[in-house]
Amino acid sequence: MRQPLRLLRLIRAAGRLADPAPPVPDADASGSPSAEPFVPPRALRGSVQCRHVDVGSCNGCEVEIGQAFGPVYDADRYGARLVASPRHADVLLVTGVVTHNMADALENTVEATPRPRVVIAIGDCAIDGGLLADGFGVRGPVTEATHVDLVVPGCPPEPDAIVAALRQVTRR
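Residues numbered from 1 in each chain as written. Predicted model: local features only at pLDDT ≥ 70, side-chain atom pairs only at ≥ 80, totals over all residues. Heavy atoms only, no water.

What follows deals with the overall build of the protein. For the protein, the helix and strand inventory stands at 6 helices and 7 strands. Along the protein, helices and strands appear, N-terminal first, in the series α-β-α-β-β-β-α-β-α-β-α-β-α. In terms of its C-alpha atoms, the protein occupies a principal-axis envelope of roughly 65 × 35 × 30 Å. Buried positions account for 42% of the 172 residues belonging to the protein. Once local pairs closer than 6 in sequence are excluded, the contacts in the protein between residues at least 24 apart make up 82%. Of the roughly 9,900 Å² of accessible surface on the protein, 54% is carried by carbon and sulfur atoms. (Helix = DSSP H or I, 4+ residues; strand = E, 2+ residues; numbered from the N terminus. Buried < 20%, exposed > 50% of the residue type's maximum accessible area, 1.4 Å probe, protein only. Contact = heavy atoms within 4.5 Å. Areas by Shrake-Rupley, 256 points an atom, 1.4 Å probe, with all protein chains shown as cover.)

What follows is the structure, given as structure tokens:
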């Protein structure tokens, strides 16, 4: 009985321990597929609901998205949260190269997401086709299939880069 009480006293004495948040990323053109800087819709600043869509990847980016929302990188503390339905989402996180089988599913998911919405292409495959660009079942990169607001390069991208892109949307 003494040990649990001692632990509770230590927790209470230490308080909440967390690193302070880094500064908000600049809204420059580095994450935008176009030359102009990305400006998030005003309605999405502060908190966003994210839906992940895999349209044909090797699952490397999915692992990194899982890490970005896990306890180490904790995208939730910056106002980004994963949801199960595109009808509840503000942001679509799209990974992989668009295959012929998934092109309609991507189009339906984008249409089911209410406006204003932000589409983020995550990984080299989603941006330019990456290693899978010349595959027989490949239709093309996400940037050619739908409008993309932000890109996160890398194969796979670091969880820090994914969190930084989400922070550009939430401005937190």
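The next subject is the pairing of strand β1 (residues 48–54). Pairing geometry for β1 and strand β2 (residues 80–82), over 3 bridges, is parallel. Along β2, the bridge assignment pairs C50 with L82. Chirality of the crossover, the property in question, places the unit of β1, helix α2 (residues 60–68) and β2 among those that are right-handed. Sheet topology places β1 next to strand β3 (residues 91–95); 5 bridges connect them, and they run parallel. Within β3, the residue paired with R51 across the bridge is L92. (Pairing = 2+ DSSP bridges. Right-handed = clockwise from strand over helix to strand, strands pointing away.)

What follows concerns the environment of M102. Structurally, M102 can be placed in the loop between β4 (98–99) and α3 (103–112). Each C-alpha atom of the pair M102 and R139 lies 9.2 Å from the other, and the pair is 37 residues apart in sequence. Beyond its immediate stretch of four places on either side in the chain, M102 contacts D54 and V55.

Let's shift gears to the sheet that holds β1. One key point about sheets: their strands pair by backbone hydrogen bonds, in either a parallel or an antiparallel sense. Sheet architecture is open: 5 strands sit in the order β2-β1-β3-β5-β7, paired in parallel fashion. The open sheet has two edge strands, β2 and β7 (150–152), and neither has a second partner. On average, each strand axis in the sheet is inclined to that of its neighbour by 30°, with strand direction left out of account. Direction of pairing for β3 relative to strand β5 (residues 118–122): parallel, over a ladder of 5 bridges. Paired with T95 across the two strands is I122, which belongs to β5. Those strands touched by α2 are β1, β3 and β5, and its axis lies near 140° from that of β3. The strands touched by helix α6 (residues 159–170) are β1, β2, β3, β5 and β7; relative to β7, the strand with the most contacts, the crossing angle is about 165°. (Axes fitted to C-alpha atoms, helices over the stretch in contact; angles between N-to-C directions.)

This part is about the packing of α2 against α6. Put simply, α2 and α6 touch, their axes get as near as 8 Å, and they point 65° apart. In terms of their interaxial angle, α2 and α6 are classed as roughly perpendicular. Here α2 runs over α6; the crossing is right-handed. Contacts between α2 and α6 involve E64, I65, Q67 and A68 from the former and P159, I162 and V163 from the latter. Class assignment for the residues of the contact of α2 with α6 results in 5 nonpolar, 1 polar and 1 charged. (Parallel < 35°, antiparallel > 145°, perpendicular 65-115°, else oblique. Left-handed = near helix turned anticlockwise from the far one by under 90°. Nonpolar A, V, L, I, M, F, W, Y, C, P; charged D, E, K, R; others polar.)

Time to look at the pairing of β3. The buried count for β3 comes to 5 of 5 residues, which makes it a mostly enclosed element. Alternating residues of β3 divide into V91, L93 and T95 and L92 and V94, and every residue in both groups is buried.

On the surface, L5, L7, L8 and I11 cluster together into a nonpolar patch covering about 390 Å² of accessible area. Among the structural elements, L7 can be located in helix α1 (residues 2–14). (Patch = residues over 30% accessible without salt bridge, like charges linked within 9 Å, V, L, I, M, F, W, Y side chains within 5 Å. Salt bridge = Lys/Arg side-chain N within 4 Å of Asp/Glu carboxyl O.)

Now for the packing of aromatic side chains. By the definition in use, this model includes 0 aromatic pairs. When the ring centre of Y78 is taken as reference, the NZ or CZ atom of R167 above it lies at 4.3 Å. (Phe/Tyr/Trp six-rings, centres within 6.5 Å; stacked < 30°, edge-to-face > 60°. Lys NZ or Arg CZ within 6 Å of the ring centre and 35° of its normal.)

Just geometry here; none of it tells us what the structure is for.
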